[in-house]
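Understanding the architecture of this molecule
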Amino acid sequence: MASAAGYVGGLLRLVLTGFACHNAYDIRMSAIRTYGLVIHEFDPWFNMRATQYLADNGPAAFFTWFDYRSWYPLGRPVGTTIYPGMQMTAVGLWRLLGRARAAGLLTWWKHVRRAPISLNDVCCLVPAWFGGSATTFLALLTLECTNSYAASGFAGLIMAIVPAHLMRSVGGGYDNESIALTAMCGTFYLWCRALRGPRGGRSAAARAAGDATAATWAFGALAGLAYVYMVAAWGGFTFVANIVGLHAFVLVACGRYTAKLRVAYSLFFLIGTAGAVQVPVVGWRPLRDLELLPPLLVFVGLQFYGWADGERRARGLGPGGFLLALIKAGIVLALLLGAAGAVLYPRGYFGPLSSRVRGLFVKHTRTGNPLVDSVAEHQPASTQAYEQYLHHVYRLAPFGLGLSFLRFSDAGVFLWVYAAAAYFFANKMARLIILLGPVAAALGGVALGAAADHGFVFALDAIVERCVGAAEAPAAPAEPADPKDKKAKRAARKPTARMAAAARRAAGAARTAYRHPAICLIRAAALAYAARTYALPMAREFQE
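Residues numbered from 1 in each chain as written. Predicted model: local features only at pLDDT ≥ 70, side-chain atom pairs only at ≥ 80, totals over all residues. Heavy atoms only, no water.

In this section: the overall build of the protein chain. When its secondary structure is counted, the protein chain shows 23 helices and two strands. Residues counted as buried form 44% of the 544 residues belonging to the protein chain. Accessible surface, the protein chain as shown: approximately 28,300 Å² in total, 66% of it carbon and sulfur. (Helix = DSSP H or I, 4+ residues; strand = E, 2+ residues; numbered from the N terminus. Buried < 20%, exposed > 50% of the residue type's maximum accessible area, 1.4 Å probe, protein only. Areas by Shrake-Rupley, 256 points an atom, 1.4 Å probe, with all protein chains shown as cover.)

A word on the nonpolar core. Of all hydrophobic cores here, the largest spans 119 residues; its most connected members are M184, F188, W191, F239, Y265 and L390. Residues in contact with F239, not counting those within four places in the same chain, are M184, F188, Y418, A421, A422, F425 and L435. In terms of nonpolar packing, the next biggest core, distinct from the first, is built from five residues, L16, A20, A24 and A160 among them. (Core = buried A, V, L, I, M, F, W, Y, C linked by side-chain atoms within 4.5 Å. Contact = heavy atoms within 4.5 Å.)

With 18 residues, helix α4 (residues 85-102) should reach 26 Å at 1.5 Å per residue; the first-to-last C-alpha distance of 26 Å fits that figure. Buried residues of α4: G85, M86, Q87, T89, A90, V91, L97 and A100, and no others. G104 sits one or two residues past α4 and shows a positive phi near 80°. (Expected span 1.5 Å × (residues − 1).)

So, on to the packing of aromatic side chains. Where two aromatic rings form a pair, the distance of their centres and the angle of their planes describe that pair. Scanning all chains against the criterion turns up 23 aromatic pairs. Ring plane angle 45° and centroid distance 5.6 Å describe the contact between F408 and W416, whose orientation is recorded as tilted. Using a relative accessible area of 18% as the deciding quantity, one classes W416 as buried. (Phe/Tyr/Trp six-rings, centres within 6.5 Å; stacked < 30°, edge-to-face > 60°.)

Together, L323, I327, I331 and L335 make up an exposed nonpolar region whose accessible area comes to about 400 Å². With respect to the helices and strands, the residue L323 is situated in helix α14 (residues 319-344). (Patch = residues over 30% accessible without salt bridge, like charges linked within 9 Å, V, L, I, M, F, W, Y side chains within 5 Å. Salt bridge = Lys/Arg side-chain N within 4 Å of Asp/Glu carboxyl O.)

Here we take up the environment of A215. Along the chain, A215 turns up in helix α10 (residues 214-233). Linking A215 and L195, residues 20 residues apart in sequence, is a C-alpha distance of 8.8 Å. Excluding residues within four positions of it along the chain, A215 makes contact with R193 and G220.

Quick look at the pattern of salt bridges now. Scanning the entire structure with this criterion turns up 10 salt bridges. One salt bridge connects R431 with E177, and the closest N-O pair in it is separated by 3.0 Å. Here R431 is found in the loop between α19 (410-428) and α20 (433-468), whereas its partner E177 is found in helix α8 (residues 177-194), with 254 residues between them in sequence. Under the relative-accessibility criterion, E177 is labelled buried at 3%. R312 serves as the salt-bridge partner of D309, at 2.8 Å between the closest nitrogen and oxygen. Separated by three residues within a single helix, D309 and R312 lie in helix α13 (residues 293-315), roughly one turn from each other. Using a relative accessible area of 9% as the deciding quantity, one classes D309 as buried. The exposure class assigned to R312 is partly exposed, which follows from its relative accessible area of 30%. Among the charged side chains, a salt-bridge network with shared partners connects R168, E177 and R431.

The next thing to look at is the environment of G348. Structurally, G348 is set in the loop between α14 and α15 (355-358). Spatially, the C-alpha atom of G348 lies 9.6 Å from that of R288, the residues being 60 residues apart in sequence.

For the rest of this paragraph, the subject is the packing of α8 against helix α11 (residues 237-253). It is the contact of α8 with α11, at a shortest axis distance of 11 Å, that shows an interaxial angle of 20°. Judged by the angle between their axes, α8 and α11 are roughly parallel. By crossing handedness, the relation of α8 to α11 is classed as right-handed. Note on element contacts: α11 touches α8 through F239, V240, I243, V244, H247 and A248, opposite M184, T187, F188 and W191. Looking at side-chain class alone, the contact of α8 with α11 contains eight nonpolar, two polar and no charged residues. (Axes fitted to C-alpha atoms, helices over the stretch in contact; angles between N-to-C directions. Parallel < 35°, antiparallel > 145°, perpendicular 65-115°, else oblique. Left-handed = near helix turned anticlockwise from the far one by under 90°. Nonpolar A, V, L, I, M, F, W, Y, C, P; charged D, E, K, R; others polar.)

Look at α11 against α13: their axes get within 9 Å of each other, and the N-to-C directions meet at 30°. Seen from above, α11 lies across α13 with left-handed handedness. Taken together, the residues of α13 that come into contact with α11 (itself represented by A241, N242, G245, A248, F249 and V252) are P294, P295, V298, L302 and Y305. Split by residue class, the contact of α11 with α13 holds nine nonpolar, two polar and no charged.

Turning our attention to unusual backbone geometry. For residues other than glycine, phi is negative in most cases, and the peptide bonds are mostly trans. Notably, E41 is not glycine yet its phi reads approximately 70°, a positive angle. Mapped onto the secondary structure, E41 falls in the loop between α2 (30-35) and α3 (42-62). Its identity is not glycine, yet N147 carries a phi of approximately 60°, on the positive side. Residue placement: N147 occurs in the loop between α5 (119-146) and α6 (149-161). On the basis of relative accessibility, which here comes to 53%, the residue N147 falls in the exposed class.

Bringing the state of the cysteines into the picture now. Joining two cysteines, a disulfide is a covalent bond between their sulfur atoms. Inspection of the entire model under this criterion finds zero disulfides. Cysteine C124 is unpaired, with the sulfur of C123 as its nearest cysteine sulfur at 7.0 Å. The structure places no disulfide on C192, whose sulfur is separated from the nearest cysteine sulfur, that of C145, by 4.2 Å. With relative accessibility at 1%, the residue C192 sits in the buried group. (Disulfide = S-S within 2.5 Å.)

This part takes up the side chain of N47. Tracing the backbone through its elements, the reader meets N47 in helix α3. Overall, N47 belongs to the buried group, its relative accessible area being 6%. Contact partners of N47, with chain neighbours within four places excluded, come to M86, Q87, Y174, D175 and N176.

Here the focus is α14. When the terminal C-alpha atoms of α14 are compared, their 37 Å separation across 26 residues agrees well with the 38 Å that a helix rising 1.5 Å per residue should span. Restricting attention to buried positions, one finds in α14 the residues F322, A325, A329 and L333. The elements touched by buried residues of α14 are α13.

Next up, the structure:
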């Protein structure tokens, strides 16, 4: 009999995620309902003008376009100085919707029933559409990292309304960040999904070895493609590449290297880098800029670590032999990297840290770039900024982070790495709180999901099992120990063995008591009280 918790959790996830996506879209349409389909602010207007030029003249003319009206009288080579992902997305959606309307597939949409949808309308609606898709990807990422349907649903609800995401994805606010968070959350989800272990008919030895599966290859490649879209959408791709690389490095440092980790990261890096160098504003930066060299070093290091691991398997090396093989690989790697650096560095191959990245590590107003130094949002974030852009989740996320430490998995470690890095950079620059918004929503979902799981889902599962008599089958009696086995007798008399047996009995008794119907009702009542006392007032405050 399938567990009731599985059905209830899945239904809860679907309801909450659907409600979250609807809310994400509805909230972001508020400005459009009030002011109509108009573009707001300076940057969105510039982006709209670039989009119109792309639609009228095509990609070839767009990438060679020198705009004499921008930065007048100097002008600006627009096609090679902006990230074109948003413009290409808007034009593609506009043409797709036009063809769908011509085919009679949009008769249900009142907005395009009488007249074709304009490019301006698409640009106004893109932030609202991508706000919903970012919410969906964040919910999927939380599910992958926690394996909790409730946490996934609540994370989606928080992502739909968290100001750190909302402020950059309001309808009419046609700016790069409005689609970039979708690309970032999608990349992170596909990366974590590629690390999921094999299931089903695979042997226990294969699962323990962490061999790459077809899903590893598929989702690793998709993660690379999502990263290419992220590169084309926003300059924050540097953060995405380094977070994925840092996560892979931390897994190896924790002793969780597997073949699927090497395959997934290799696909992500090779496909992502090959696509990134095609973006004119990026070029060869992934292989030259200092802030993008760590992901490259992780890629090279994983190949050498994989060679040493292959030697261990092929030759049956023990810990000492594997350490020796690893040292040999490390020496070869260090020599190769040193030789490459000695040849390339004097020739000016490696570029310096960009002014924005340099501003994260030097005191404000001392980066050397007046444009960067003069912007107020480039100052370090304050408590007031966190409360403004994260609101209630600012106090809820630390509880979720503590609970996430209770589940140690490849994907679970990603939340720790992402939270630590995003918080570090947000402390350096207030603008980067936008990067903290998704992981704060995920951790808030972990906290609320744990309360819902233990107060409702697991409690209902225990009550259903008790009512329908679907109790677990009694364990088979243990075979009596051989009275002549002196080693078994001595082992049983050891204090550690007696303590372990007592701990197992106590844990079993605690689990039985925790799943007792009376305790389950108390848990449900406590959840209802907490929801009425804390959650409902917060919801009313948000509505006001």
